[in-house]
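# Architecture and fold: a report
Okay, here's what each chain looks like letter by letter:
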Amino acid sequence: MTALDLRDMQTVLDGIRERFSARISLAELPAGQYAAMRYPRLIPIMRFSFRHYDAPPFGHASFLRTTGMGGRMQLATAVLTPSTGLAVPLLLVDAMSMGRKRAVFVEYYDLTRSGVAAAPLAAVHDRYADLPDYPERPAWYVAERTPYSLIKGGTDDRRLCAMVADAVDAYASLCADAPEASADDLEGLRGFADRMVEEGNPSSDALSKVLGREGAERFFRTAIMPVKR
């Protein structure tokens, strides 16, 4: 199992993927033009690498790495989307490293019709609640997160990495033990995906620069967070 290291965001993405795939099978999908992107094209200041997977009976998993400032700034984004209608929250993991600055977000969005009993996820929240909260800008999706989400910063790389590992382990187990998927639980997820496109998400600006507004929407809907219509 890859050890997570915030100084190398590829280890974060690999570690998340490996931990999730220990309970949910992943089959890699072609990334095509999205596999390696850069902005601007001539003399790039930002580079992106992308992989995504079919994850039956769960849904879809995507992993985006961003580097900038000559490698001094690194971002990792993992999006685990229950796009079959499995009654579990959507999970987004975002990690940022720039010099000594760290930000690690474990964001859950319960978009199911009846709500999810998620005691294992809440237990992980309580285990790491003492880590410093990371100050973030106001955004519409902040109010949509579950109370057991973790928005953390500070300088304790070891515990921040352990937080991500424990969260993904707990989430993977929740997904593996969830009842059979239901189309009734897709409506909320579809609406949330629409809002991420229409009202913006943390990657909107950067991806719009690379792919254009319509291209960024297509990337989001077909590769980052695809949801059955």
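Scroll up a little and you will see the structure.
Report on the accompanying structure. In this text, all values refer to a predicted model and were calculated from it rather than measured experimentally.

How each quantity is defined
- Every chain is numbered independently, its residues counted from 1 as its sequence is written.
- Predicted model: local features are reported for residues with pLDDT of at least 70 only, side-chain atom pairs are reported and counted for 80 or more only, and whole-chain, interface and lining totals are derived from all residues.
- To get the side-chain values, all heavy atoms of the structure are used, and hydrogens and water are removed first.
- The numbering of helices and of strands both runs from the N terminus, where a helix is a DSSP run of H or I of at least 4 residues and a strand a run of E of at least 2.
- C-alpha atoms define the radius of gyration, and 2.2 Å times the number of residues to the power 0.38 defines the globule rule.
- Between buried and exposed lies partly exposed: a residue is buried under 20% and exposed over 50% of the maximum accessible area for its type, with that area taken using a 1.4 Å probe on protein chains only.
- Note on areas: these come from Shrake-Rupley sampling with a 1.4 Å probe, and a residue is covered only by the protein chains present in the view.
- Charge assignment: positive for Lys and Arg, negative for Asp and Glu; neither His nor the chain ends contribute.
- A charged residue contributes its charge at one atom only: NZ of Lys, CZ of Arg, CG of Asp or CD of Glu.
- What we call a nonpolar core is a set of buried Ala, Val, Leu, Ile, Met, Phe, Trp, Tyr and Cys residues that are connected through their side-chain atoms within 4.5 Å.
- By definition, residues are in contact when any of their heavy atoms lie within 4.5 Å.
- Multiplying 1.5 Å by the helix residue count minus one yields the expected span of that helix.
- Given a residue, its bend is the angle between the two axes fitted to the seven residues that end at it and to the seven that start from it.
- Working definition: a ring pair exists when centres of Phe, Tyr or Trp rings (six-membered ring for Trp) sit within 6.5 Å. Plane angles under 30 degrees give stacked, over 60 give edge-to-face, the rest tilted.

### Focus: the overall build of the protein
Along its length, the protein carries five helices and eight strands. Reading the helices (α) and strands (β) of the protein from amino to carboxyl end gives α-β-β-β-β-β-β-β-α-β-α-α-α. Computed over the C-alpha atoms, the radius of gyration of the protein is 17 Å, within 12% of the 17 Å expected from 2.2 N^0.38 for a compact globule of 229 residues. Here the protein holds 229 residues, and 50% of them are scored as buried. Carbon and sulfur atoms form 51% of the exposed surface of the protein, whose accessible area is close to 11000 Å². Positive and negative side-chain charges of the protein, numbering 28 and 29 respectively, have mean locations separated by a distance of 7 Å.

### With respect to unusual backbone geometry
Geometrically, the link from Y39 to P40 is a cis peptide bond, its omega value of -20° lying close to zero. Checked against the element boundaries, P40 lands in the loop between strand 2 (36-39) and strand 3 (46-55). Put simply, P56 and P57 share a cis peptide bond, and its omega is 0°. Relative to the elements of secondary structure, P57 occurs in the loop between strand 3 and strand 4 (59-68). Although it is not a glycine, M69 adopts a positive phi angle of roughly 55°. Its location among the elements puts M69 in the loop between strand 4 and strand 5 (73-81). Note on M69: relative accessible area 41%, which makes it partly exposed.

### Regarding the nonpolar core
Counting 44 residues, the largest nonpolar core has F20, F58 and Y171 as the members making the most contacts within it. Mapped onto this core, the elements with two or more residues apiece are helix 1 (9-21), strand 3, strand 4, strand 5, strand 6 (90-98), strand 7 (101-109), helix 2 (119-127) and helix 3 (157-176). Among the elements that take part in this core, helix 3 stands out by supplying eleven residues, more than any other. Setting aside anything within four residues of it in sequence, one finds F58 in contact with F20, I24, L80, T81, P82, S83, T84, L86, V88, Y171 and C175. Within the second largest apolar cluster, 29 residues are counted, among which are M46, A193, M196 and F219.

### Section: helix 5 (residues 204-224)
End to end, helix 5 covers just 12 Å across 21 residues, shorter than the expected 30 Å (1.5 Å per residue, more than 12% under). Within helix 5, the axis deviates most sharply at L211, by approximately 110°. For helix 5, the set of buried residues is S204, L207, V210, G215, A216, F219, F220, A223 and I224. Buried residues along helix 5 sit against strand 2, strand 3, strand 4, strand 5 and helix 4 (187-198).

### Quick notes on the packing of aromatic side chains
Using the criterion set out here, one finds twelve aromatic pairs in the structure. Judged by centre distance (6.1 Å) and plane angle (25°), the rings of F20 and Y171 are stacked. One end of the pair, F20, is in helix 1; the other, Y171, is in helix 3, and 151 residues separate them in sequence. Overall, Y171 belongs to the buried group, its relative accessible area being 0%. Seen in terms of ring centroids, Y109 and F192 are 4.7 Å apart; in terms of plane orientation they differ by 40°. Their pairing is tilted.

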